[in-house]
Amino acid sequence: APTEANWYHNKSRAQWGLDVSGQAGGASGGITDGGVGVLGGGLDGRPAEALAPNAAVTDPPLAAASEGGGVAEGAQDLSIMTMGYQLSQACRDRCEKELKKEIPAWVRISHQQVNDNHMKKAKGMLYGIEFPWSEQMVVQMGPAWLTKALQTAGTLEQDNAVVEIITEKKIKVTTGNNGGKFLFEVRYKRQTEGLHTKLFAKVPHPNEGATASDRLSTSVNKQPMELHELNSSRLLEATLPVKIPKFYFGDISNETSNFILITEQVPFADREPLDFKGDLVKRGERLGPLKPFVVEGPYDKCLDWTLRASPFEYYLTLVRAGAKMAGLHKAGKMGDPAALAAHFEDYSNKPMEIWGMQTGCSGTPPKQKQTMVDMAVRFMSEDGKAIFPAFVTDSAFGAKFKKTMMTLNAYAAESNYWRNSDQDYIALTHNNLNVDNAFFWRDEKGEMDLGVLDWGSMGQKCLGFKMWYWLYCSDYDILTAKFDDYLQCFVDTYAEYGGPRLDKSVLRMQFVLSAMEQMQGLCDAVPQIFKMCKKPLWKEITSRYDPRIGENIDGKSTLRLYLQVMSTVVRIIHEPQWKGDEVLEQWMSTFCSTLGVAQKAQTAIFP
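Just so you know, these numbers come straight off a predicted model, no measurement behind them.

Asks: Tell me what's going on with the pairing of strand E5 (residues 247–252), and back it up with residues and numbers.
Replies: Of all the six residues making up E5, six are buried; the element is thus mostly covered by neighbouring parts of the structure. Looking at chain direction, E5 and strand E6 (residues 259–264) are connected through five bridges and run antiparallel. In the strand pairing of E6, Phe247 is matched with Thr263. Remark: six residues form the turn of the hairpin made by E5 and E6, two consecutive strands paired antiparallel; Ser257 in that turn has positive phi of roughly 75°.

Shown next as structure tokens:
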């Protein structure tokens, strides 16, 4: 490994301040069949790495509530933790065949098109066959359809067949904001090695009722994020340096926006409901480690007290995973650059002219934006003040917040251009690498490994932006205390696997601007917050653990996420460890000076 990265290799778990019993185990190790986890043996044969130095856990270690959980049915199936199939010739052949196919480019669709067409059957753009987009439809279309789908995708032999589909009655998957999920089992005419009977499916949210706004957000505002997710499994299964669930089928219709992804099922051991009420926090406990090679979770966003060890360990493992992918991409080891740019989101090498920069406001019209910012300030300082920092009720903070939001809005295009202009800071990697988009386990030494899920909006984009969306659901105190470690981990890992050496101060500035950029959208989301928890109820809410805001509302973590991230960003703007408002002023001054242009007039910022 490069000299700069040696500090990842030479620290014992005890030196890290992590419990050598395994409760807060290290971030390395795993099954050595070609590099299981991101922090296990690398694709180039390097030994397993340890955590970064000076990384003693800053939150008081919680007592273990149990001495290892029981093993769920199927949890000892070690195939989910091995890279065997992904490194096989069969997987490479399948991916190479897919890469050679001519797939039409995605054509952007409107809200009206989704509303008009979401109930229509249509052929998918990847495999050219009709497909179901709900659990009920999978059952209705039956084994004959599933056989055809798997054979068309090259994941089932032509002389084999699915003979039975069995729906999962006990376990319902409710995590995730960008689609519905369900589990099912199948029986084959002939069971062969490596052919999974327990499968997982992801489909769109119904375009009705409580999930209608989520469906339109995903299918229109974030399009074509589902196509990028399907392509990650369809095209990159043999190339990704992390374990992913085996791909069986996936397709999407550009006409209807419906889609389906079918993979092997992850044998999560913790199927009991999560501790939404914070009982573990109140008792000062963590659940403690499971037995070796048992998959933890599933975890969900903004519930870090439910993690079985220090949250720092999980998030550092995620950062290292994302940085490893990015570095390998920069080294040319993730596939043909032209193919990757064609099949995934690509913000690289874009000319200055396309970003929409101008002397006036390049974001939302100031009058419209000010209305939304004012609404957000009122919500945080009045309705929701019990769950936000006390300073949000101070008029001085309100003025600072408004100025920061309005200024960043005026420079919206310029901020996007700057963050995506230096090609060293743009790479292909996961877009939303959170604890609910990964699965974790430990080896017999108590060391952590992981696999990765949910590849929506996979692509090339500003790495500071990516880091924000890997860490934004972390509790603020750990995020702040350990952010320098996360930065150093990213910079060193990115360089170790082939990327250029980055400037941490630039990466930090990208991160802070990306955080405040998300706050722009959260200001606009206050009406949606009041839909999920009615305005009159807020006078009764006294903590984040109140089930009306802390649980998954309508099966989604959206409300809990919105509230926690809003709280995090106002602290990034205001508190001295971050000084987000000053970061924006510094960036604005440097950016305008570098381009040789005057800073924008107040009339471009405020109405």
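Asks: Tell me about helix H13 (residues 476–496), and please be specific about residues and values.
Replies: Given a rise of 1.5 Å per residue, 21 residues ought to cover 30 Å, and the 28 Å separating the end C-alpha atoms of H13 matches this to within 8%. Across the 21 residues that make up H13, a large majority, 17, are buried. Looking one or two residues beyond H13, the residue adopting positive phi is Gly498, at roughly 120°.

Asks: Can you break down the nonpolar core residue by residue, with the values?
Replies: Core analysis: the biggest nonpolar cluster contains 115 residues, and Phe401 and Met467 have the highest contact counts within it. Top element by residues in this core is helix H7 (residues 311–330). It accounts for eleven residues. Apart from residues no more than four positions distant in its own chain, Met467 is found in contact with Val319, Phe483, Tyr486, Leu487, Phe490, Leu507 and Phe511. Formed by 37 residues, the second largest nonpolar core is a distinct cluster that contains Met125, Phe184, Val203 and Leu261.

Asks: So, the side chain of Ser567: which residues are in play, and what are the values?
Replies: Relative to the assigned elements, Ser567 resides in helix H17 (residues 558–574). Among the residues examined, Ser567 registers a relative accessible area of 14% and is labelled buried. The contacts of Ser567, once residues within four sequence positions are left out, are Ile387, Phe388 and Pro389.

Asks: Quick rundown of the sheet that holds E5? Include the residues and the values.
Replies: Strand pairing within a sheet occurs via backbone hydrogen bonds; the two strands may be parallel or antiparallel. Pairing within the open sheet is antiparallel, and its five strands lie in the order E2-E3-E4-E6-E5. Only two strands of the sheet have a single neighbouring strand rather than two, namely strand E2 (162–167) and E5. Neighbour to neighbour, the strand axes of the sheet diverge by 25° on average, direction disregarded. Set on the sheet, helix H3 (residues 135–153) makes contact with E2, strand E3 (180–188), E5 and E6; between it and E2 the angle comes to about 140°.

Asks: Can you tell me about the sheet that holds strand E8 (residues 345–346), naming the residues and giving the values?
Replies: In spatial order, the strands read E8-E12-E9; together these three strands make up an open sheet with mixed pairing. In the strand order of this sheet, the two ends are held by E8 and strand E9 (426–429), each with one partner. Bridge count for E9 against strand E12 (residues 459–462) is four bridges, and the pairing is antiparallel. Bridging across to E12, Ile426 finds its partner in Cys462. Seen against the sheet, helix H12 (residues 463–471) touches E9 and E12 and runs at an angle of roughly 100° to E12.

Asks: Could you give an account of the packing of aromatic side chains, with specific residues and numbers?
Replies: Scanning all chains against the criterion turns up 28 aromatic pairs. Where Phe379 meets Trp538, the ring centres are 5.1 Å apart and the plane angle is 90°; that geometry is what we call edge-to-face. One end of the pair, Phe379, is in helix H9 (residues 366–383); the other, Trp538, is in the loop between helix H15 (526–532) and helix H16 (547–550), and 159 residues separate them in sequence. Each member of the pair, Phe379 as well as Trp538, is classed as buried. On the numbers, 5.9 Å between centres and 40° between planes, the contact of Trp470 with Phe490 is tilted. You can see Trp470 sitting in helix H12 and its partner Phe490 sitting in helix H13, a full 20 residues away along the chain.

Asks: Lay out the pattern of salt bridges in plain terms, naming residues and giving numbers.
Replies: As enumerated under the stated definition, the model contains 32 salt bridges in all. The salt bridge involving Lys301 is made with Asp436; its shortest N-O contact spans 2.7 Å. Placement of Lys301 in the loop between strand E7 (285–286) and H7 and of Asp436 in the loop between E9 and strand E10 (438–442) is noted, with a sequence separation of 135 residues between them. By the burial criterion, Lys301 is buried, and Asp436 matches it. Among the ionic pairs, Lys600 bridges to Glu414, the shortest N-O distance being 2.9 Å. Of this pair, Lys600 sits in the loop between helix H18 (580–595) and helix H19 (602–605) while Glu414 sits in helix H11 (residues 412–419); the two residues are 186 residues apart in sequence, bridging distant segments of the chain. In this structure Lys600 comes out as buried when scored by relative accessible area, which is 10%. Take Glu414: its relative accessible area is 4%, and that puts it in the buried class.

Asks: Provide a residue-level description of the packing of H12 against helix H14 (residues 504–524), including the pertinent values.
Replies: Two elements in contact, H12 and H14, have axes separated by 7 Å at closest approach and are oriented at 60°. Of the possible angle classes, the one that applies to H12 and H14 is oblique. Classified by chirality, the crossing of H14 by H12 is right-handed. Across the interface between the two elements, Leu463, Gly464, Phe465, Met467, Trp468, Tyr469 and Leu471 from H12 touch Leu507, Gln510, Phe511, Ser514, Ala515, Glu517 and Gln518 from H14. Of the residues in the contact of H12 with H14, the class split is nine nonpolar, four polar and one charged.

Asks: So what's going on with the environment of Asp485? Residues and values would help.
Replies: With respect to the helices and strands, Asp485 occurs in helix H13. A sequence separation of 169 residues divides Asp485 from Leu316, and the C-alpha atoms of the two residues are 8.0 Å apart.

What counts as what
Residues numbered from 1 in each chain as written. Predicted model: local features only at pLDDT ≥ 70, side-chain atom pairs only at ≥ 80, totals over all residues. Heavy atoms only, no water. Buried < 20%, exposed > 50% of the residue type's maximum accessible area, 1.4 Å probe, protein only. Helix = DSSP H or I, 4+ residues; strand = E, 2+ residues; numbered from the N terminus. Pairing = 2+ DSSP bridges. Expected span 1.5 Å × (residues − 1). Core = buried A, V, L, I, M, F, W, Y, C linked by side-chain atoms within 4.5 Å. Contact = heavy atoms within 4.5 Å. Axes fitted to C-alpha atoms, helices over the stretch in contact; angles between N-to-C directions. Phe/Tyr/Trp six-rings, centres within 6.5 Å; stacked < 30°, edge-to-face > 60°. Salt bridge = Lys/Arg side-chain N within 4 Å of Asp/Glu carboxyl O. Parallel < 35°, antiparallel > 145°, perpendicular 65-115°, else oblique. Left-handed = near helix turned anticlockwise from the far one by under 90°. Nonpolar A, V, L, I, M, F, W, Y, C, P; charged D, E, K, R; others polar.

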